[in-house]
Structure formats: structure tokens, C-alpha cells
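Residue-level listing of the chains:
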Amino acid sequence: MTPAAVEAGRVDAFRAEYRRDHVPPHYRAALHLLFTFGVGGAALAICISRLADVQPLEWLTVPLTFLYANLAEYWGHRGPMHHRTRGLGLVYERHTRQHHRFFTHVAMPVDSLRDLRAVLFPPILMVFFLAAFALPVALLLASFTSGNVGWLFAATSLAYFLNYEVLHLVYHLPDRYAVARWPFVGRLRRLHQDHHDPRLMAQFNFNITYPIGDRLFGTRCRGPG
Ligand SMILES: [Zn+2]
Ligand SMILES: [Zn+2]
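Residues numbered from 1 in each chain as written. Chains lettered and ligands numbered in written order. Predicted model: local features only at pLDDT ≥ 70, side-chain atom pairs only at ≥ 80, totals over all residues. Heavy atoms only, no water.

Asker: Please provide a residue-by-residue account of the coordination of the zinc ion (ligand 2), values included.
Answerer: Under ideal tetrahedral coordination, the four donors around a metal are separated by 109.5 degrees; under ideal octahedral coordination, the six donors are separated by 90 or 180 degrees. Those protein atoms acting as donors to the zinc ion (ligand 2) are His77 (NE2), His82 (NE2), His95 (NE2), His100 (NE2) and His195 (NE2), and they sit at 2.0 to 2.2 Å. Each donor residue of the zinc ion (ligand 2) lies on the same chain, and together they follow the pattern H-x4-H-x12-H-x4-H-x94-H. Taken as a pair, His95 and His100 share a single burial class, namely buried. (Donors = N, O, S within 2.8 Å, 3.2 Å for Na, K, Ca; no water. Buried < 20%, exposed > 50% of the residue type's maximum accessible area, 1.4 Å probe, protein only.)

What follows is the structure, encoded as C-alpha cells:
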């Protein structure tokens, strides 16, 4: 048997175990998608609706927040998502112990909608991350600079998170979906596929969206395959 076939067999066995132990019968992928993009989209719309007479300097919040979010994604993924960290054990468990065993470089696509359980952030983690990391910064910025800066920070953070979820979802869709073959998306998808190689996952391609952090810290890599 080739190493790829052995790896595919390991993934198949883990998928069966995960579906049995972690996907309850009442799980509805459509509701999970609706929560992520419906609640996330509504919160984004509220943030944008609160902007008023934004000054040129205040718009700088958008690119700065984008960079902050990209580096948070990078260090969050390079750190607690791949190393067990006190207080963030659930993140490690879900990412390294589950997501990376459900999907490896030889088995990237989901088999059915129910497998989205292994791709999207669980609602509880989504609320936790936004409340723990985005909200306090938005409030601080609003009190030390202006309301517009606070709302722009919150809006850009939410948009970044939703973009992350869309891209990560596309990386794990079967090739028959046209969006998965768009050239720009295809390049990002290939980087994530290389990250899913168990030999590379703890060292390379920690950005799931755009590889800015990976370029800055020298961890961008095309896999051997
Ligand atoms: Zn993935
Ligand atoms: Zn990872």
C-alpha cells in the first residue's frame, strides 16, 4: 500500500469516529451556516450603520485592523491551535486533534454537509473569540480615539472573521465547486492543503487567509507533494 493510501485509510477511520462521537443527530449544517453568516453578517451591518461622518484619518483603522487580524490569525494558529495552552485546550483539541485528523493533505474535501461541523467555528467559540478579543479592543479604541474608530475596528474584525470562514470552507469543498478552482483562491487553497500535511502542520502556512504573517516570519512553504 502507498503512504497516501495508508494516510487516506487513517482519515477514513477518524472520520467515522468523529461523526459518531462529535456530530449529534440534531446537528444541522444549514443552521450552523445561518448562525455564522446570519448573526455575523447582522453584527457587521450594525457596526457599519453606526458610522457617521468618518474622517480620512479614521479610515486608516481598516488596513491597520486587517493587519492586526492577520497577525492574530497567524499567532493564534501557530500558538494555541497547534500547542496545548492552559485555558485554550478546547482550541487545540478542535484544531490539531480533530480538524487535522479529519482533513489531511490527501483528504481535503468534506463528504457531506454534515462534515461542516469539522470546518466551521462552533458558535460558542465564535462568540467567545469575538467577545474576548474584538470587543475589548473596540471599546478601548472608542474611548481613547473616537466612536467611528471603535465601530470600524469591530466591522473590519467581523468582516475578516467571515472572510476567514468563507475561505476555509472553500478550501475543504470538493473540486467540482467552481469557486474552489478560481486561480487566486486555488493558490491559497494549495497553501492550506500543504499545511494539512501532518509533517508540515506545526511548522508552515499558519495564515488561513492571506499569507502575510507567513511571509513576515518565514513560514510560508509549498509542500513536497
Ligand atoms: Zn483546514
Ligand atoms: Zn493547523
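That shown, we press on.
Asker: Got a sec to walk through the packing of helix H1 (residues 3-22) against helix H5 (residues 89-102)? Specific residues and values, please.
Answerer: Two numbers describe how H1 lies on H5: the axes approach to 8 Å, and their chain directions differ by 125 degrees. By the angle class used here, H1 and H5 are oblique. Here Val11, Phe14, Arg15, Tyr18, Arg19 and His22 of H1 lie close against H5, whose contacting residues are Arg94, Arg97, Gln98, Arg101 and Phe102. Broken down by class, the residue content of the contact of H1 with H5 amounts to four nonpolar, two polar and five charged. (Axes fitted to C-alpha atoms, helices over the stretch in contact; angles between N-to-C directions. Helix = DSSP H or I, 4+ residues; strand = E, 2+ residues; numbered from the N terminus. Parallel < 35°, antiparallel > 145°, perpendicular 65-115°, else oblique. Contact = heavy atoms within 4.5 Å. Nonpolar A, V, L, I, M, F, W, Y, C, P; charged D, E, K, R; others polar.)

Asker: A description of the coordination of the zinc ion (ligand 1) should follow, citing residues and the corresponding values.
Answerer: Note on the zinc ion (ligand 1): its protein donors are His99 (NE2), His168 (NE2), His172 (NE2), His192 (NE2) and His196 (NE2). The metal-donor distances range over 2.1 to 2.3 Å. Site description for the zinc ion (ligand 1): donor spacing in sequence, H-x68-H-x3-H-x19-H-x3-H. Of this pair, His99 sits in helix H5 while His168 sits in helix H7 (residues 147-171), and the two are 69 residues apart along the sequence. Neither residue differs from the other here; His99 and His168 are each classed as buried.

Asker: Lay out the pattern of salt bridges with the relevant residues and their values.
Answerer: The tally for this structure, following the rule as stated, stands at nine salt bridges. Taking the shortest distance from any N to any O, the salt bridge between Arg10 and Glu7 comes out at 3.2 Å. Residue Arg10 and its partner Glu7 are both found in helix H1; the two are separated by three residues, about one turn of the helix. Its salt-bridge partner being Asp111, residue Arg19 comes within 2.9 Å of it at the nearest N-O pair. With a gap of 92 residues between them, Arg19 in helix H1 and Asp111 in the loop between H5 and helix H6 (123-144) connect regions that are remote in the sequence. The exposure class assigned to Arg19 is partly exposed, which follows from its relative accessible area of 31%. When salt bridges that share partners are traced, they join Arg15, Arg19, Asp111 and Asp115 into one network. (Salt bridge = Lys/Arg side-chain N within 4 Å of Asp/Glu carboxyl O.)

Asker: Describe the side chain of His195, listing the residues and the values that go with them.
Answerer: Assignment of secondary structure puts His195 in helix H8 (residues 183-195). Within the structure, His195 has its side chain in polar contact with the side chain of His82 (distance 3.2 Å). For His195, the side chain forms a polar contact with the side chain of His100, separated by 3.1 Å. In contact with His195, other than residues within four places in its own chain, are His77, His82, His95, His100, Leu200, Met201, Phe204, Asn205 and Phe206. (Polar contact = N/O pair within 3.5 Å; in protein donor to acceptor, adjacent residues only side chain to side chain.)

Asker: Could you give me a rundown of unusual backbone geometry, with the residues and numbers involved?
Answerer: Residue Asp53 is not a glycine yet carries a positive backbone phi of 50 degrees. Along the polypeptide, Asp53 turns up in the loop between helix H2 (29-49) and helix H3 (56-59). Judged by relative accessible area, which is 66%, Asp53 ranks as exposed. Phi at Asn205 takes a positive value of approximately 60 degrees, unusual for a residue other than glycine. On the basis of relative accessible area, Asn205 is assigned to the buried category, the value being 2%.

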